[in-house]
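# Overview (structure and organization)
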Amino acid sequence: MKVTVFGIGYVGLVQAAVLAEVGHDVVCVDVDQAKVDNLKNGLIPIYEPGLTPLVTSNYEGGRVDFTTDAKIGVEHGELIFIAVGTPPDEDGSADLKYVLAVAETIATHMQSHKIIINKSTVPVGTADRVKAKVAETLEGLNKTITFDVVSNPEFLKEGAAVNDCMRPDRIIIGTESDTAEKKLRELYLPFNRNHDKVIVMDIRSAELTKYAANCMLATKISFMNEMANLAECFGADIENVRRGIGSDPRIGYQFIYPGCGYGGSCFPKDVQALIRSANQVGYKAKVLESVEAVNYAQKEKLFEYINRHFNGDLAGKTIALWGLSFKPNTDDMREASSRVLMELLWEQGVTVQAYDPEAMEETQRIYGSRPDLKLVGTKEAALESADFLVVCTEWQSFRAPDFELIKEKLSIPLIFDGRNLYDPKIISEYGLHYYAIGRGLSIKGHK
């Protein structure tokens, strides 16, 4: 099938590559000429496991192409995905200017029936606005052309997006058009062979499904962080509590790991956007407001531990920081807990010596060169001349470190663990003082 994707960001590029991999003929359109040129040269703008070879092989095989020419894209695609960004506006609501600009562009160039598919995460009612924008533009150009607008939200996890796209849990199609439903079922048939994963519903329900899914997951994380804070007050160990409740199949183990807060491009933005959408229809989303407030406070948790441990005397200290990205297997630092921590520490005169397997360039891009930030090539190098260690991201390579080396390198045998990676008993045997999230009082080493 002939498919066009507007927006070669995280969602658009993964979706395009996976559709091309199963044999569809895909054209990607973006306004960024440098990005288009880089993609044609095999330079992928994001880190995502498995994505680079997928894009490269399909471009070389002629199944996916990249262009800045919107006219070419519109003429090519029978199905046209809108996968551009919806950044938060000043009040936290989703900014739809890019989505509506693409809708206008499609209408300007279309000469035949098109199925326009909203892939971007958008507020309920966006499909109506896209439909109105297309109809208004067509009318202004004296064109009489039919079209369908469909909601087809993505459910990709950063770090596992290619696999999620190749093996989706569900395929949500929001449409009232039998023609559009038939075409999308045909498009997704290669991903729907084991059992029927397609769920067809009205457009507004499809739009809300995406927000509801992300907000539910964010709620689980904030709930566990709330329980972790209570565990500290009660002298309990949240990791024991997590195992205890996770064994209940009604709850399960996923997304109940306490830590130093969630980040990324989805959860913070989508929780805020749904709160604002609720306000617009006169409803106060109290649970979501609490989810957001708990997460905001949780991102300052590591700094609170550090500041309390040193009685506010932090000036001149150097920390080793392991992990900069908001989660493992990505270089994405949007809303990352590491950023909150670093910025609070810098205000107190602390130097950060940091390592991340993938997010070093992104960190450099965000913060530039500054004397209180040193980016180093290995996790061991981050320990050199550092006073203590902080862990912000649960990369696999951080899970079983050389604790003897850590103690030897640090001037103070002290670890602040924002992801509860380590066993406090083992840590204490190495003579390291250990703070973790929700694990009662800090553990003092006895070696």
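For the structure, see preceding data.
So, here's what we can say about the structure. (Residues numbered from 1 in each chain as written. Predicted model: local features only at pLDDT ≥ 70, side-chain atom pairs only at ≥ 80, totals over all residues. Heavy atoms only, no water.)

## So, unusual backbone geometry
- Positive phi outside glycine occurs at Asn 142, with the angle close to 55°.
- On the secondary structure map, Asn 142 appears in the loop between helix H6 (126-140) and strand E6 (147-151).
- We classify Asn 142 as exposed; its relative accessible area is 73%.
- Of note, Asn 420 is a non-glycine position whose phi angle comes to about 55°, a positive value.
- Within the fold, Asn 420 resides in the loop between strand E13 (414-417) and helix H18 (424-429). (Helix = DSSP H or I, 4+ residues; strand = E, 2+ residues; numbered from the N terminus. Buried < 20%, exposed > 50% of the residue type's maximum accessible area, 1.4 Å probe, protein only.)

## Regarding the environment of Leu 51
- Mapped onto the elements, Leu 51 comes out in helix H3 (residues 51-60).
- The sequence separation of Leu 51 and Leu 13 amounts to 38 residues, and the corresponding C-alpha distance is 8.7 Å.
- The residues contacting Leu 51, other than those within four sequence positions of it, are Leu 13, Val 14, Ala 17, Ile 44, Ile 46 and Val 162. (Contact = heavy atoms within 4.5 Å.)

## Examining helix H14 (residues 337-347)
- Among all positions in H14, only Ser 337, Ser 338, Leu 341, Met 342, Leu 344, Leu 345 and Trp 346 are buried.
- On the buried face of H14, the contacting elements are helix H13 (301-309), strand E9 (318-322), strand E10 (351-355), helix H15 (360-367), strand E11 (373-375) and strand E12 (388-391).
- Following H14 by one or two positions, Gly 349 has its phi on the positive side, about 85°.

## Topic: the side chain of Gln 353
- As for its placement among the helices and strands, Gln 353 is situated in strand E10.
- Gln 353 sits in the buried class, given a relative accessible area of 7%.
- One polar contact links the side chain of Gln 353 to the main-chain carbonyl oxygen of Ala 382, over a distance of 2.9 Å.
- Residues in contact with Gln 353, not counting those within four places in the same chain, are Thr 318, Ile 319, Ala 320, Leu 321, Lys 374, Val 376, Ala 381, Ala 382, Leu 383 and Glu 384. (Polar contact = N/O pair within 3.5 Å; in protein donor to acceptor, adjacent residues only side chain to side chain.)

## So, the pairing of strand E7 (residues 171-174)
- Covered by surrounding structure in E7 are Ile 171 and Ile 173 together with Ile 172 and Gly 174, the residues of both alternating faces.
- Direction of pairing for E7 relative to strand E8 (residues 198-201): parallel, over a ladder of 4 bridges. Across the sheet, Ile 171 pairs through a bridge with Val 198, a residue of E8.
- Read as a crossover between parallel neighbours, the route from E7 over helix H8 (residues 178-187) to E8 is right-handed. (Pairing = 2+ DSSP bridges. Right-handed = clockwise from strand over helix to strand, strands pointing away.)

## Quick word on the sheet that holds E13
- The sheet built from 6 strands is open, its strands ordered E11-E10-E9-E12-E13-E14 with parallel pairing. With one partner strand each, in any of the chains shown, E11 and strand E14 (433-436) form the two edges of the open sheet. Each neighbouring strand pair of the sheet contributes to a mean axis angle of 20°, computed without reference to strand direction.
- Both E10 and E11 contribute to a ladder of 3 bridges, which runs parallel. (Axes fitted to C-alpha atoms, helices over the stretch in contact; angles between N-to-C directions.)

## Considering the pairing of E10
- Of all 5 residues in E10, 5 are buried; the element is thus mostly enclosed.
- Burial of E10 is two-sided: the residues Thr 351, Gln 353 and Tyr 355 facing one way and the residues Val 352 and Ala 354 facing the other way are all buried.
- One ladder, built from 5 bridges, connects E9 with E10; its direction is parallel. Its bridge partner being in E10, Trp 322 is matched across the sheet by Tyr 355.
- Note on the crossover from E10 through H15 to E11: the handedness is right-handed.

## A few points about the pattern of salt bridges
- Across all of its chains, the model carries 23 salt bridges by this definition.
- Residue Lys 35 pairs with Asp 30 through a salt bridge whose shortest N-O separation is 3.9 Å.
- The partner of Asp 248 in a salt bridge is Arg 250, and the shortest N-O contact between them spans 2.7 Å.
- Asp 248 gets classed as buried once you look at its relative accessible area, which sits at 19%. (Salt bridge = Lys/Arg side-chain N within 4 Å of Asp/Glu carboxyl O.)

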